[in-house]
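Each chain, letter by letter, is given below.
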Amino acid sequence: MEAPDPRKSAEIRPPSGTVAGMATRTTSAPRGNTGGTSGGKSGSSAGRGTGSTTPRTGRTGSSTRAPRTRQLPAVEQRQPWPLRVLGGAWLGIGHMVGGGVRRIGHDVSDLPAEQRRDGAALFNLGLGVFIATFAWWGLTGWFPDTVYAVVNGTFGWISLLLPLMLFVCAFRLFRRPADGRGNNRVGIGFLIMTFAGCGLAHVLGGQPTVAQGFDGLRQAGGMLGFLAASPLAAIHAAVPLAIYGLLAFVSLLIITATPFGAIPRRLRGAYEHLMGIDLQEADDAGHDRSYLYETPAATAPKKKRRRLFGKDEENDAGLEGYVGDEAFEHAVIDDDAPAGDNESKGPSLAPGVRRPTQAEIAVEKIKAAQGLGTAGKAAAGENATEAIPLVTPGMVAAGSLNPVKVPANPVAPAPLPIPIPQRTEQLSLAGDVTYTLPSSDVLTPGSIPKERTEANDAIVASLTETLNQFNVEAQVTGFSRGPTVTRYEIELSPGTKVERVTALSKNISYAVASSDVRILSPIPGKSAIGIEIPNTDRETVSLGDVLRSQNARRTDHPMVMGVGKDVEGGYVVANLAKMPHLLVAGATGAGKSSFVNSMITSILMRATPDEVRMVMVDPKRVELTAYEGVPHLITPIITNPKKAAEALQWVVREMDARYDDLANYGFKHIDDFNKAVRAGKVQPPVDSKRVIRPYPYLLVIVDELADLMMVAPRDVEDSIVRITQLARAAGIHLVLATQRPSVDVVTGLIKANVPSRMAFATSSVTDSRVVLDQPGAEKLIGQGDALFLPMGASKAMRVQGAWVTESEIHKVVEHVKGQLKAVYRDDVAPEAQKKQIDDDIGDDLEVLLQATELVVTTQFGSTSMLQRKLRVGFAKAGRLMDLLESRGVVGPSEGSKARDVLVKPDDLAAVLAAMKGLDAPTAADSQTAALSDNANANIAQGGYAEDLVAADLDQRAQNVEYYDGADSPPGSHGDDEDGSEDAWSLTGR
Ligand SMILES: Nc1ncnc2c1ncn2[C@@H]1O[C@H](COP(=O)(O)OP(=O)(O)OP(=O)(O)O)[C@@H](O)[C@H]1O
């Protein structure tokens, strides 16, 4: 460590008390401190001063500010003692008054002492009161009269407004001294307003001249007004009126930080606020409305506005850029998405269904503000964009006292406890059944998120110190705390390479004692580097909170699910219908099943069985059993991978059937078809008995894709690819989960057709690449920490998955099952027929079938023939012959003679089926029966029009051939003996 330089250390000794407070506003982070570590820990040690505060030449930020810092104590030392006493008294009063002002309304009395500017604020306040005494209250005397003459003579009657402006400035300085940019903005706004006001007052006051005396000027815009307006008024009186009118309006916009584009919204907001229905404000404050998902279009105007208007407006700009700029549909329900966006596509609300009124929301909001402390207050719209300084003890010690700002409310508070809107649906078949969605209080609220903890402060100090140690000219400018990780933002000084920070990743990991540090360079949409570091005190995200969030409530779409919370604390809600298919992957224990549970529970909470139907495949047999029997299921939960593969084939056929309808009735999407059906615009042909109903969305959930791919890779892949390529328009959506995201499970074809991805922690970077096409998932920390890459997004969004407890699931399922009994279709995954393949056949079924065919067709029971024709050895041929005998195909051995064949060729099909373990009839029978079933089904259920039946039969015939004839084709599901329809008629037939 360098030897202390007594001259310098005398100059730079950290001042105490209020002067220290001033120093914090001007001192920059120490640079070039080779002994940074020890210096950083030693408070005001003179010994470390040399390195830590000596300004390095050539640095813009630090070198310009540091000298001022050093001068302050010297100036103070030079002041005579009476001045120092007076100054101390002034500041004492300032602190007293400031203490009171900071407690007004939203309490900000925890403002750090070193940030306060109470002296300046008190000056503004005093001046305002002083001017008010004579301007408002008419105080007389030589001194007030003199000052009044000057003020009034300068500003005319606009001087009446001066106290008001000074009070506002004082108020801001007391409460937000660190918001230099905002304070400057308001100050400049007031200056412009005064100037324009004087000009206007001069014209409106009859344009008095100096020659007419000062009395006239005082009645109008004063001397200032005269100077500002009279040259313009010489052209025409309307000119200064127009110019200064416009200027006054602009000054209003500057003071209120209102971009032009946001004027209507602000006016509406003001109206709602006055009427006590400021929903938007509550929304904005409570849900960190900017960051869920941004298009590049949104970020461009955002940056521009940020420079012009500061942080608050940055979001407005983002909002403007976003709305209407979408080039593609978003899976994520964004804070900024227009409210009606999803509603237009989703099913309309049933009669009796309503959203809470704004008045109700306002009442709830007030309750929230009373009940939830700071978070609740923030939710109530208070002080949402106020910046608070971040000065940590570590930074003070290190001498790096730059005010670091974080949003006062960086983490969205618990959502307003407004119930999820209750909807009731009349199920069409059982007309007297009213289906009620589960009540929102079934899902309990989570804990109130923390805005900032000591752990965060400690990490900021470590990061700052690491940057200093390596002489990287960059500063931690803020952080946003999410439930699992906090993202610290680092801004570089001009001329510093990004690589200097990214190269430090290992040192940063070391400094913060975490191996899961993830560096984002840059943070999408920001000129800053993000360093995501796991919280040592992580929080659970409750699904109830996500579903109660504004994002979820802004749409009634039944396929909307609560995903979780992003790193900025915003609730992430996604529409499964827009994904349109999702791959969920991650190592075991990373949180996939919990995610799938959240997804299913979201659907059960929001959708009726006639809106969404599900097929669940759970080869692990434990994950989804809780949902057995819910009426949203169209088939019992499938646990057998082979049956699951068959179910996928059924889904393909279902999709084809839906496409037929779309094509025949001329619609492009099932939503349009459904809308037309609801509006009564889709009529079956006159002579058809078919009753056309809206198609529900069909959600197919596979909890372990690897198990399916092991059983029938080709079939499963074929079905998945076909479904994913076409099913979007048919309202069929796939969710494929796997803990083995290797290329043999998630094949290239599957990947190419499943555009949305949710990656939980993977065990290797290779797995991460398979899921996301980029590394990152291997750095996740498990337990619901995920990277979400919805369709169309270029960068994955880090989210903490929503958590739903088993008891919550149980309550939801009980409620749902209590509403309606599940009615299963039996053609999706037909019950496996009694297994008749005896153990003695073992792996020889295939060859045994060939042997049977050979023997029966040739009617020649010879072992050597089997040997020859089937190219098997003597022993195997003998074994096959024994098996044939045991199944009654041939008679007993008669020495060297061929055996008697007991089965006639006509019965071959039945025998083969019996061997396969099926009691199916012959293939021909099967096909014929399927076709006639189909026709019956159509007639019984009011099926297709005659011409459609023919086309349908062709189609079915193909399906039957292709799918082996063992399954009933779609459309046959309702062929009940009494010809009645299924309550849940999936295909509407
Ligand atoms: N969103 C979450 N919030 C909090 N904890 C979670 C979350 N998701 C998962 N966990 C924790 O992680 C554990 C494992 O999660 P889960 O069973 O979902 O993992 P998985 O990836 O499905 O594992 P497997 O593949 O072995 O089934 C859970 O028991 C729970 O303790």
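Residues numbered from 1 in each chain as written. Predicted model: local features only at pLDDT ≥ 70, side-chain atom pairs only at ≥ 80, totals over all residues.

### Focus: the overall build of the protein chain
Secondary structure summary: the protein chain contains 40 helices and 18 strands in total. Looking at the 989 residues of the protein chain, the share that counts as buried comes to 48%. Contacts spanning at least 24 positions in sequence make up 71% of the contacts within the protein chain whose residues lie at least 6 apart. (Helix = DSSP H or I, 4+ residues; strand = E, 2+ residues; numbered from the N terminus. Buried ≥ 20, exposed ≤ 12 C-beta atoms within 10 Å, placed from the backbone. Contact = placed C-beta atoms within 7 Å.)

### Considering the site of the ligand
Around the ligand lies a shell of 15 residues, among which Thr588, Gly591, Ser593, Ser594 and Gly784 are the nearest. A total of three residues in the shell around the ligand trace back to one element, the largest contributor, which is helix H27 (residues 592–606). Of the residues assigned to the shell around the ligand, the class counts are three nonpolar, eleven polar and one charged. (Near = placed C-beta within 6 Å. Nonpolar A, V, L, I, M, F, W, Y, C, P; charged D, E, K, R; others polar.)

### Looking at the nonpolar core
A general feature of soluble globular proteins is that nonpolar side chains tend to end up buried together. Val584, Met616, Val651, Leu699 and Phe788 are the most contacted members of the largest nonpolar core, which has 106 residues in total. Setting aside chain neighbours within four positions, we find Val584 in contact with Lys592, Phe595, Val596, Val735, Leu736, Ala737 and Met758. In terms of nonpolar packing, the next biggest core, distinct from the first, is built from 33 residues, Leu166, Met193, Ala196 and Ala201 among them. (Core = buried A, V, L, I, M, F, W, Y, C linked by C-beta atoms within 7 Å.)

### Points about the environment of Ala248
Here Ala248 lies in helix H13 (residues 238–255). As a C-alpha pair, Ala248 and Ala196 span 52 residues in sequence and 5.5 Å in three-dimensional space. Residues in contact with Ala248, not counting those within four places in the same chain, are Met193, Ala196, Gly197 and Leu200.

### Structural notes on the sheet that holds strand S7 (residues 485–492)
Here four strands make up an open sheet; going across it, the order is S6-S7-S9-S8 and the pairing antiparallel. Because the sheet does not close on itself, it has two edges, and the strands there are strand S6 (474–481) and strand S8 (518–520). Neighbour to neighbour, the strand axes of the sheet diverge by 25° on average, direction disregarded. Strand direction decides the pairing type here: S7 and strand S9 (residues 529–534), joined by six bridges, are antiparallel. Residue Tyr488 lies in a different strand from S9, and its bridge partner there is Ile531. This element, helix H22 (residues 454–469), spans S6, S7 and S9 of the sheet and lies at about 155° to S6. (Pairing = 2+ DSSP bridges. Axes fitted to C-alpha atoms, helices over the stretch in contact; angles between N-to-C directions.)

### Some details on unusual backbone geometry
Across the junction of Ser521 and Pro522, the peptide omega takes the value -5°, indicating a cis bond. Locating Pro522 in the fold gives a position in the loop between S8 and S9. Along the chain, Met579 connects to Pro580 via a cis peptide bond; the corresponding omega equals -20°. Looking at the secondary structure, you find Pro580 in the loop between strand S11 (571–575) and strand S12 (582–585). Even without glycine at this site, Asp773 takes up a positive phi of about 65°. When you line up the elements, Asp773 lands in the loop between helix H33 (765–772) and strand S17 (785–789).

### Notes on the pairing of S12
Neither face of S12 is open: one carries Leu582 and Val584, the other Leu583 and Ala585, and all of them are buried. Pairing geometry for S12 and strand S15 (residues 732–738), over four bridges, is parallel. Paired with Ala585 across the bridge in S15 is Thr738. Here four bridges tie S12 to strand S16 (residues 756–760), and the two strands are oriented parallel to one another. When the sheet's bridge partners are listed, Val584 is paired in S16 with Met758.

### A closer look at the packing of helix H7 (residues 118–135) against helix H8 (residues 142–155)
Contact geometry of H7 with H8 gives a least axis separation of 10 Å together with a crossing angle of 95°. The pairing of H7 with H8 is recorded here as roughly perpendicular in orientation. Contact residues: H7 offers Ile131, Thr133, Phe134 and Ala135, while H8 offers Pro144, Val147, Tyr148 and Val151. Its residues assigned to classes, the contact of H7 with H8 comprises seven nonpolar, one polar and no charged. (Parallel < 35°, antiparallel > 145°, perpendicular 65-115°, else oblique.)

### Focus: the environment of Ala607
Position of Ala607 relative to the elements: it lies in the loop between H27 and strand S13 (612–617). Through-space distance from the C-alpha of Ala607 to that of Met559 is 7.3 Å; in sequence the pair is 48 residues apart. Discounting chain neighbours no more than four positions away, the residues touching Ala607 are Pro558 and Val612.

### Some thoughts on the environment of Ala132
Along the chain, Ala132 falls in helix H7. Judged by local crowding, Ala132 falls into the partly exposed class, with 17 C-beta atoms found within 10 Å. Expressed as a C-alpha distance, the spacing of Ala132 and Leu161, which sit 29 residues apart in the sequence, is 9.1 Å. In this structure, Ala132 is in contact with Trp137 and Pro163, ignoring residues within four places of it in sequence.

### Considerations on helix H34 (residues 806–819)
The end-to-end C-alpha distance of H34, which contains 14 residues, comes to 20 Å, matching closely the 20 Å that a straight helix rising 1.5 Å per residue would cover. When we look at burial in H34, the residues that qualify are Glu808, Ile809, Val812 and Val816. The buried residues of H34 occupy an angular sector of 100° when the element is viewed end-on, so they sit on one face. Across H34 from its buried face, at more than 90 degrees, point the exposed residues Glu806, Ser807, His810 and Gly818. Summarising the contacts, the buried residues of H34 are in contact with H27. (Expected span 1.5 Å × (residues − 1). Arc of directions from axis to C-beta.)

### So, the confidence of the model for the protein chain
Averaged over all residues, the pLDDT of the protein chain equals 70, while 67% of them reach at least 70. Here residues 278–329 is a poorly scored stretch, pLDDT under 50, and it has 114 contacts once near neighbours within four places are set aside; other chains count. Taken together, the stretch residues 832–836 has pLDDT below 50 and engages in eight contacts with residues farther than four places along the chain or on a different chain. Both scores are given for the predicted complex: the pTM is 0.50, the ipTM 0.97. (pLDDT = per-residue confidence, 0-100.)

### A look at the pairing of S17
Remark: a regular strand shows side chains that alternate across the two faces of the sheet. By the criterion of burial, S17 is predominantly enclosed, with five of the five residues buried. Of the two faces of S17, the one holding Asp785, Leu787 and Leu789 and the one holding Ala786 and Phe788 are both buried throughout. Here four bridges tie S17 to strand S18 (residues 797–801), and the two strands are oriented antiparallel to one another. Bridging across to S18, Phe788 finds its partner in Met797.

### Focus: the packing of helix H28 (residues 641–665) against helix H31 (residues 713–730)
Running from N to C, H28 and H31 point in directions that differ by 30°, and their axes come no closer than 9 Å. Classified by the angle their axes make, H28 and H31 are roughly parallel. Crossing of H28 over H31 shows left-handed handedness. Here Ala645, Leu648, Gln649, Val651, Val652, Met655, Arg658, Tyr659 and Leu662 of H28 lie close against H31, whose contacting residues are Asp715, Val716, Ser719, Ile720, Arg722, Ile723, Leu726, Ala727, Ala729 and Ala730. For the contact of H28 with H31, the class distribution of residues is 14 nonpolar, two polar and three charged. (Left-handed = near helix turned anticlockwise from the far one by under 90°.)

### Describing helix H37 (residues 874–886)
Helix length check: H37, at 13 residues, gives a terminal C-alpha distance of 18 Å against a target of 18 Å (1.5 Å per residue), a fit within 8%. Residues of H37 that are buried: Ala877, Arg879, Leu880, Met881, Leu883 and Leu884. Taken together, the buried residues of H37 touch helix H35 (845–858) and helix H36 (863–870). Phi for Gly888, located one or two positions after H37, is positive at around 75°.

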